[in-house]
Structures are given as structure tokens and as C-alpha cells.
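Spelled out from the first residue to the last, the chains are:
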Amino acid sequence: MKKPVAVLLATTAICVSTQAEAATDPARDRQSILAMQGDYVVDFAFDETVLLQPGYERQAAMRSGGDETVIVVEDTPTRIVLQHILVDAKSGHVTKHWRQDWTYQAPTRFEFTADQTWHVRAVDAALNAGAWTQCVYEVSDAPRYCGTGRWDYANGVATWTSDVSWRPLPRREYTKRSDYNALAVVNRHTLTPNGWTHEQFNTKVLRKPDGTQVELAREFGFNDYQKTVDVDFKPARDYWQATAAYWAKVRAHWDGFLSSAPGVHLKTKVDGMAMIIPLFTQASDVQAGKPVTDAQIAAVFTQWVDNAPAEVNASARVAK
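Sequence order as written defines the numbering, with residues in each chain counted from 1. In view of the model being predicted, local features appear only for residues whose pLDDT reaches at least 70, and side-chain atom pairs are presented and counted only at 80 or more, with totals across whole chains, interfaces and linings using the full set of residues. Side-chain measures were taken over the full set of non-hydrogen atoms in the model, leaving aside hydrogen atoms and water.

A. Seen up close, unusual backbone geometry. Cis geometry marks the peptide bond from Ala261 to Pro262; its omega dihedral reads 10°. As for its placement among the helices and strands, Pro262 is situated in the loop between α5 (234-258) and β15 (263-266). For Gln116, which is not glycine, the phi torsion reads 60° and is therefore positive. Phi is positive for Asn155, close to 60°, though the residue is something other than glycine. As for its placement among the helices and strands, Asn155 is situated in the loop between β9 (151-152) and β10 (159-161). Each helix is a run of H or I in the DSSP string that is no shorter than four residues. Each strand is a run of E no shorter than two, and both are numbered from the N terminus.

B. Representation of the sheet that holds β15 in the model. Read across the open sheet, the four strands follow the order β5-β6-β15-β16; overall the sheet is antiparallel. Edge positions in the open sheet fall to β5 (108-114) and β16 (305-307), since each of these has one partner strand only. The mean angle between the axes of side-by-side strands here comes to 25°, regardless of whether they run parallel or antiparallel. For two strands to be treated as a pair, DSSP must find at least two bridges joining them. As paired strands, strand β6 (residues 117-122) and β15 are joined by three bridges and run antiparallel to one another. Bridging from a neighbouring strand, His119 pairs with Gly263 of β15. Throughout, a contact is declared for two residues whenever any of their heavy atoms are within 4.5 Å. Between the N-to-C directions of two axes lies an angle of 0 to 180 degrees, each axis being a line fitted to C-alpha atoms and, for a helix, fitted only over the stretch in contact. Taken strand by strand, α5 contacts β5, β6, β15 and β16, and its axis lies near 115° from that of β15.

C. Representation of helix α6 (residues 273-287) in the model. Every helix has an expected span of 1.5 Å times one less than the residues it contains. Relative to the 21 Å expected for 15 residues at 1.5 Å per residue, α6 spans 20 Å between its end C-alpha atoms, a close match to the ideal helical length. A simple rule labels every residue: compare its accessible area, found with a 1.4 Å probe on the protein chains alone, to the largest value its type can have, and call it buried under 20%, exposed over 50%, or partly exposed in between. Of all the positions in α6, only Met275, Ile276, Leu279, Gln282 and Ala283 are classed as buried. All buried residues of α6 fall inside an arc of 140° around its axis, so they share one side. Positive phi shows up at Gly289, right after α6, with a value of about 90°. Arc definition: it is the arc formed by the directions from the helix axis to the C-beta atoms.

D. Region of interest: the packing of aromatic side chains. Each Phe, Tyr or Trp ring (for Trp, its six-membered ring) is paired with any other whose centre lies within 6.5 Å, and the angle between the two planes then decides the class: stacked below 30 degrees, edge-to-face above 60, tilted in between. Inspection of every chain in the model, using the stated rule, returns 13 aromatic pairs. Between Phe220 and Phe222 the ring centres are 6.4 Å apart and the planes differ by 20°, which places this aromatic pair in the stacked class. Given the relative accessible area of 29%, Phe220 is considered partly exposed. Within the aromatic cluster, the residues linked to one another by ring pairs are Tyr40, Trp196 and Tyr225. Above the plane of the ring of Tyr153 lies Arg28, whose end atom (NZ or CZ) is 3.8 Å from the centre. Only Lys NZ and Arg CZ are tested; either one counts as a charge over a ring when it is within 6 Å of the ring centre and within 35 degrees of the ring normal. For Arg172, the ring lying beneath its charged end belongs to Phe46, and the centroid distance is 3.4 Å.

E. Expanded view of the packing of α5 against helix α7 (residues 294-304). Remark: α5 packs on α7, axes separated minimally by 11 Å, with the N-to-C direction vectors making an angle of 40°. Between α5 and α7, the crossing angle belongs to the class labelled oblique. Along this stretch, α5 crosses α7, giving a crossing that reads as right-handed. Touching Tyr246, Lys249, Val250, His253, Trp254 and Phe257 of α5 are Asp294, Ile297, Ala298 and Phe301, all from α7. When residues are grouped by polarity, Ala, Val, Leu, Ile, Met, Phe, Trp, Tyr, Cys and Pro land in nonpolar, Asp, Glu, Lys and Arg in charged, and all others, Gly among them, in polar. Split by residue class, the contact of α5 with α7 holds seven nonpolar, one polar and two charged. Each angle receives one of four descriptions, namely roughly parallel if under 35 degrees, roughly antiparallel if over 145, roughly perpendicular if within 65 to 115, and oblique otherwise. Less than a right angle of anticlockwise turn of the near helix away from the far helix marks a crossing as left-handed, whereas a clockwise turn marks it as right-handed.

F. Local environment of the confidence of the model for the chain. Overall, the predicted model of the chain reaches an average pLDDT of 92, with 90% of residues at or above 70. Within the model, the stretch residues 1-21 combines pLDDT values under 50 with 41 contacts to residues more than four positions away or in other chains. Residue-level confidence of the predictor, termed pLDDT, takes values from 0 up to 100. Confidence over residues 314-320 falls short of pLDDT 50; this stretch has 19 contacts with residues more than four positions distant or in other chains.

G. A look at the pairing of strand β3 (residues 79-87). The buried fraction of β3 amounts to seven of the nine residues, a majority that puts the element mostly inside the structure. Of the strand pairs in this sheet, strand β2 (residues 62-76) and β3 are connected by nine bridges, and their pairing is antiparallel. Bridging from a neighbouring strand, Glu68 pairs with Leu86 of β3. From the end of β2 to the start of β3, which pair antiparallel, there are two residues. Inspection of the sheet shows β3 paired to strand β4 (residues 94-104) by eight bridges, in the antiparallel sense. Within β4, the residue paired with Val87 across the bridge is Val94. What sits between β3 and β4 in their antiparallel hairpin is a turn of six residues, with Gly92 showing a positive phi close to 80°.

Here's what the structure looks like:
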């Protein structure tokens, strides 16, 4: 099989060479992960860089931003869960945003293998030694992607760099693009004096049913989290205090599919709104003091979520 994204593998080597030599320190790593909690003004930037196919035209750069707080949901010696919540500074409107889970030497992780399908696979032992696996989830807590890597502290800079892994198209593009169906990605998180950054080294790939791949373009993403005291995040904290127990139940339903093989298949359209709307409505009801039963949560999953089908074509794997 064609190895995807040779340049990403080279990029990974920027930090991997030092990671391999550095002694791991899980306690120090935990503090680095926990340092991402807090209140931020966030800038999002994505630029296509290298064009890889004849006739392919560079797409317009994307710029956006928002005010976001990051809340610690779970904190144990080997697992940390961080929930991102957006707040509109003018209206105070709250939107539950993405979630990142960090697990030390995770035995398994989910991998995006086909349209609306994620398979649970063992993490390679050599990759996993001393490493943290970060898994990222949708606003509905549906899966997005995972990556595994070690934290590195060369020259006093705390940086985590993932291996190459697959993810579905981002929201900024799935309504606009049909020429590719997956991203091969290296993610890098770095702590900075006034916050942290998330760099994405993306390659836009058309994965074909026969296992071949066409790489269209490379993209650099840069998300900059700058600490702020100028935004009132009380609405976000109030929302989470009122709904945290509800969302814990939602996460437990997802864990039933993602904690072991085979994985999960979503029956929703790619926008996921068929699940987002009822789950967000239930959360709003809980916030308003209305009862939402476990059976009501389960009914959403019964309608829209299945176990992933058995894997037939192993060519979807990212080459190691």
C-alpha cells in the first residue's frame, strides 16, 4: 500500500528523534495536559500549502475565532478529560464544543476507517511506550480522531506530537468538498507563555475502495489559545455545572462502542445533526430542571448508532 503523507512522517521526526531519547515523566506530562485548562481567546487558521495533483487549485485560506473555556472533567494519574465550551461574548450564548481525552499508554484507540465508521484497534507497543493517546470528540461526543505520542521538553518547551492518523473531513469543508474523503494528520500541542497552540499537519486524501490513495494537497492548521480575563465565562461554567451529569451519561453510551472492538458506525448524515439536535435539546431540558431519563438518551443511540462492521480491507490503515 502507498505510504500516505511522506512529508508528515518527516515532520513528525522533528520531535520524535528527541522523544525517543528522553526519559518519560508521566507526572510532568499530566501537568502539561492540565495546563491547557482555562479561559481563552482562540484564533483558528488553515492554509493549503503544497498542491499534489495536476490542475488542483489552492483553496481559500480559512480564518475564524472565538472565546472558549477548557474545563477539567476527569483527572487521574493515567487519564485526563478536557471539555471545551464556547461563549458568545455579546449574547452570553453557550455552545458545548469539542472534547479531548488523554490516556497514558492506552491499550486501544479508535481510528477513522470509512464514511461514518471508526474501528477500535490496539496501539502498537513500540509507539505506546511512555506515550499519551489523545482522542478528540465532536460536540455530541461522537468520535473524531486519536493520535499517540510522547511529550518532549527539549530547551524548556513542552510539546506533544502525535503519530500520523486518519480523521474525517472537518466541519469547515465537508459541506463544500467531495473530492477527498479523509485527512491524514499529525497533531502538535505546545505550551506557550500565555496559553497553548495546536498545530495540524494535514494531507487531504481520496481513499478509494480498492485501497489506493490519491493525495490532493497538504494543509497547515494553527489554533492559537491565548489566555484572557476580559471575557465572562460564567455562563459556560453554569451550563457545565447544570449538565455535567447528563453529558457523563452520554459519554458512557459512546464508551460502550469505543472501549473495545469492533467500534462504531453512525447512521446519521455526515453533519451529525440527527444526534446533535436531540442530545443538545435534552441537555437544555436538564439545565432548565426538566427530567431526562436514561431511556430517552438510549433511544437516540438506538436510532442512530451501530457497531462498526467487521473489517474487510485492512488497507485503510495508516502505514507505520
